[in-house]
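Structural features, examined
Residue strings, one per chain:
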Amino acid sequence: MSTTVETIIIGGGLVGVWTAYFLAKRGRSVIVLEKESVGAQSSGVNFGNLRLQGRYPDQYPLSLRSQDLWERLPELIGDACEYDRTGHLYCAFNEAEAEKLAHYAKVSRANGIAIEDLDRSDLDKRFPYMGGKVIAATFSERDAVANPRLATPATSRAAQALGATIIENCRVTGIEARNRGFELRVDDGRTFSCTHLVNSAGAWAADIAARFGETVPAFAAGPPQFVTEPVPYFIGPSIQTIDGSVIARQIPRGNVILAGYPRTASDPVANRAPVPPHKTLAGMTALARVIPALAHASVIRVWSGIEAYLPDMIPIIGPSHAIPGLFHAFGFCGHGYQIGPGVGLCLSEWICDGHTPTPLAAFCIARFKSEVAVSEKFKAEFDSGGQSR
Ligand SMILES: Cc1cc2nc3c(=O)[nH]c(=O)nc-3n(C[C@H](O)[C@H](O)[C@H](O)COP(=O)(O)OP(=O)(O)OC[C@H]3O[C@@H](n4cnc5c(N)ncnc54)[C@H](O)[C@@H]3O)c2cc1C
């Protein structure tokens, strides 16, 4: 016999569990179906950065709403998940990059974010470990980090405490749209039916959208990541170079976590995200350029993840344009951790109220009915077929 609930969510990543959390909070019946364990994919392996400065301009209302949720984690889910308001430094190596920084800062300020402009003498006073090649930086004090290993399981536990059902090791293998609803089949033969269906299946979500005729040019990739041996704690904020070569942070235990760029291709079918060795070497060289004291730190682990990217480097969030009751949230292009809680809140509002107060039109799936503009970031990192450079 089929299990019937109001909403089924495919994918127990951060987006899926926050959607379940907010639906359960409003007394709605909801099941999350996750093919592995919650947070097993991008949501659990990412860099953990909750960056506000330098975001895509149309994403600020969502991003700010989400940051507010991150700032209230203990109150909302009873666990801070190592949230730390470290701040975030964006660094420039030359005048052209400094101009780009100034532009990002202008957009961030227009959206209410406090940004400090730092010249070299400011850096010498406040962040003396920054390499001499860095000529300027901007600092956003509200930017933060949180431990990705902890956040999705903790939110899942909170959602369950509110009445949500989370089923792990349960892969959705069949979906049919029925009269005002959906019928789902999972790999152990069980069936489920629901009125609302949320497609938050990460790098596997585009295949689900395609079943309903909504094809999008998504592909899987991830930034190569490394962690060093622990060294004495000396770095406060997350540090990112605006040339896109590196983002790094140090956790209080001393290890330095690094994401190097360009990103690397991953394989959602084989479930693999290999990191070619030359990318680790390039990442460490880029790190030494910005923080010379780390030039000889030893890398003790290397990994990446399976994340969906789109050519305009912005996600798909919102109702399907093909089937009533279906909602998509995927293609986060490497920045879905920060907005994940906010996306869950907006999806719950769409399902319960028929709309969300957060403007999300820019993220509509229907934009792919026409040619979308390919972003500069995409051109720098991928060829037109989505292969990493
Ligand atoms: C290495 C790396 C570093 C990153 N760093 C950052 C960062 O610092 N800051 C930031 O904001 N973002 C970052 N991101 C991006 C961020 O991690 C993702 O955008 C975000 O976690 C996406 O969450 P999600 O819930 O949509 O997807 P996922 O976490 O991928 O969850 C989707 C889930 O769906 C499940 N699923 C798929 N198909 C099925 C099926 N048929 N049946 C059942 N379950 C299914 C999967 O198993 C998976 O658990 C990074 C990503 C990577 C890979």
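Residues numbered from 1 in each chain as written. Predicted model: local features only at pLDDT ≥ 70, side-chain atom pairs only at ≥ 80, totals over all residues.

1. Points about the overall build of the protein
Formally: Helical segments are the DSSP runs of H or I of at least four residues, strand segments are the runs of E of at least two, and each set is numbered from the N terminus. Field definition: a residue is buried when 20 or more other C-beta atoms are found within 10 Å of its C-beta, exposed when 12 or fewer are, and partly exposed for counts in between, with C-beta atoms placed from the backbone. Once C-beta atoms have been placed from the backbone, residue pairs whose C-beta atoms lie within 7 Å are recorded as contacts.
Helix and strand content of the protein: eleven helices and 21 strands. Taken along the three principal axes of its C-alpha coordinates, the protein extends 65 × 45 × 40 Å. Here the protein holds 389 residues, and the buried ones make up 50% of them. The contacts in the protein between residues at least 6 apart in sequence include a share of 75% that link residues at least 24 apart.

2. With respect to the pairing of strand β4 (residues 88–92)
The criterion, for reference: Strand pairing is assigned whenever DSSP detects at least two bridges linking the two strands.
Counted residue by residue, β4 has five buried out of five residues, so it is predominantly covered. As judged from the five bridges shared by β4 and strand β6 (residues 136–140), these two strands associate in the antiparallel manner. The residue of β6 that forms the bridge with Cys91 is Ala137.

3. Some details on helix α10 (residues 336–353)
This is how the line gets drawn: Here, expected helix span is obtained from the residue count minus one, scaled by 1.5 Å. The term bend refers to the angle at a residue between two fitted axes, each drawn through seven residues, those ending there and those starting there.
Taking 1.5 Å per residue, 18 residues should reach 26 Å; α10 reaches 24 Å between its end C-alpha atoms and fits that length. For α10, the principal kink sits at Gly342 and spans about 30°. Of all 18 residues that make up α10, 15 are buried, and the element is covered over most of its length. Directly after α10, the chain includes Gly354, whose backbone phi takes a positive value near 85°.

4. Regarding the site of the ligand
Let me state the cut-off plainly: The criterion for a residue being near a molecule or strand is simple: its C-beta atom, placed using the backbone, must lie within 6 Å of it. Asp, Glu, Lys and Arg are counted as charged, while Ala, Val, Leu, Ile, Met, Phe, Trp, Tyr, Cys and Pro are counted as nonpolar; the rest, among them Gly, fall into the polar class.
If you check the shell around the ligand, you find 42 residues, and the closest are Gly11, Gly13, Gly202, Gly305 and Gly336. When residues of the shell around the ligand are traced back to their parent elements, those giving at least two are α1 (14–25), α2 (42–45) and α10. Ranked by residues supplied to the shell around the ligand, first place goes to α10 with four residues. When grouped by side-chain class, the residues that make up the shell around the ligand number 16 nonpolar, 21 polar and five charged.

5. Some words on the sheet that holds strand β17 (residues 264–265)
The strand order β17-β12-β19 describes an open sheet built from three strands, whose pairing is antiparallel. Each of the sheet's edge strands pairs with one partner strand only, and the pair in question is β17 and β19 (307–309). Where strand β12 (residues 219–222) and β17 come together, two bridges link them in antiparallel fashion. Across the sheet, residue Gly222 finds its bridge partner in β17, namely Thr264.

6. Structural notes on the domain arrangement of the protein
Where interface size is quoted, it is often the accessible area lost as the parts come together. In plain terms, the rule: For the domains described, the bounds stem from an automatic or database domain assignment.
The domain boundaries assigned to the protein delineate domain 1 (3–66 + 148–217 + 310–381) and domain 2 (88–141 + 224–303). Relative to domain 2, the C-alpha centre of domain 1 lies at a distance of 29 Å. In this complex, domain 1 contributes 13 residues to the contact, which on the side of domain 2 involves 21 residues. Residue composition of the side of domain 1 that touches domain 2, grouped by class: eight nonpolar, three polar and two charged.

7. Focus on helix α7 (residues 148–161)
Relative to the 20 Å expected for 14 residues at 1.5 Å per residue, α7 spans 21 Å between its end C-alpha atoms, a close match to the ideal helical length. Downstream of α7 by a residue or two, Gly163 has a phi angle that is positive, lying close to 115°.

8. A short note on the nonpolar core
For clarity, the cut-off: Nonpolar cores are built from buried Ala, Val, Leu, Ile, Met, Phe, Trp, Tyr and Cys residues. These are joined into a set through C-beta atoms within 7 Å.
One finds Ile8, Ala20, Tyr21 and Ala308 to be the most contacted residues of the largest nonpolar core, which totals 80 residues. Among the elements that line this core, the one with the most residues is α1, at nine residues. When sequence neighbours within four positions are dropped, the list of residues in contact with Ile8 reads Ile31, Leu33, Leu184, Phe192, Cys194 and Leu197. In this structure, Phe226, Leu258, Leu287 and Ile291 belong to the second largest nonpolar core, which totals 33 residues.

9. A closer look at the packing of α1 against α10
Counted only if it meets this: Geometry is summarised by axes, namely lines fitted to C-alpha atoms with helices restricted to the contacting stretch, and by angles between N-to-C directions that run from 0 to 180 degrees. The labels follow the angle: roughly parallel below 35 degrees, roughly antiparallel above 145, roughly perpendicular from 65 to 115, and oblique for the rest. Left-handed is the label given to a crossing in which the near helix is rotated counterclockwise from the far helix by less than a right angle, and right-handed is the label when the rotation is clockwise.
Packing of α1 against α10 leaves a shortest axis separation of 7 Å and a crossing angle of 40°. In terms of orientation, α1 and α10 fall into the oblique class. Between α1 and α10 lies a crossing whose hand is right-handed. Listed contacts from α10 to Leu14, Val15, Trp18, Thr19, Tyr21, Phe22 and Leu23 of α1 are Gly336, Tyr337, Gly340, Pro341, Val343, Gly344, Leu345, Leu347, Ser348 and Ile351. For the contact of α1 with α10, the residue count by class is twelve nonpolar, five polar and no charged.

10. Some remarks on the environment of Ala164
Its location among the elements puts Ala164 in the loop between α7 and β8 (165–167). Overall, the presence of 25 C-beta atoms within 10 Å leaves Ala164 in the buried class. As for Ala164 and Ala20, which are separated by 144 residues in sequence, their C-alpha atoms are 6.2 Å apart. Non-local contacts of Ala164, meaning those with residues more than four positions away in its chain, are made with Ala20, Tyr21, Ala24, Val30, Val32 and Ala159.

11. Let's talk about the sheet that holds strand β14 (residues 238–241)
If you trace the eight strands from one edge of the open sheet to the other, you get β5-β6-β4-β14-β15-β16-β13-β18, paired in mixed fashion. Of all the strands in the sheet, the pair left with one neighbour each is β5 (115–119) and β18 (299–303). On average, each strand axis in the sheet is inclined to that of its neighbour by 20°, with strand direction left out of account. Relative to the sheet, helix α9 (residues 277–290) contacts β4, β13 (225–228), β14, β15 (246–250), β16 (256–260) and β18, its axis offset from that of β16 by approximately 115°.

12. Section: unusual backbone geometry
Here the amide bond leading from Tyr261 into Pro262 is cis, since omega sits at 5°, within 30 degrees of zero. Tracing the backbone through its elements, the reader meets Pro262 in the loop between β16 and β17. Look at Glu82: it is not a glycine, yet its phi comes out positive at around 55°. Relative to the assigned elements, Glu82 resides in the loop between α4 (73–77) and β4.

13. Regarding the environment of Ala220
Here Ala220 is to be found in strand β12. Along the backbone, Ala220 and Phe327 are 107 residues apart, and their C-alpha atoms lie at a distance of 21 Å. Residues within four places of Ala220 in sequence aside, it is in contact with Ala203, Ser266, Asp267, Pro268, Ile306, Glu307 and Ala308.

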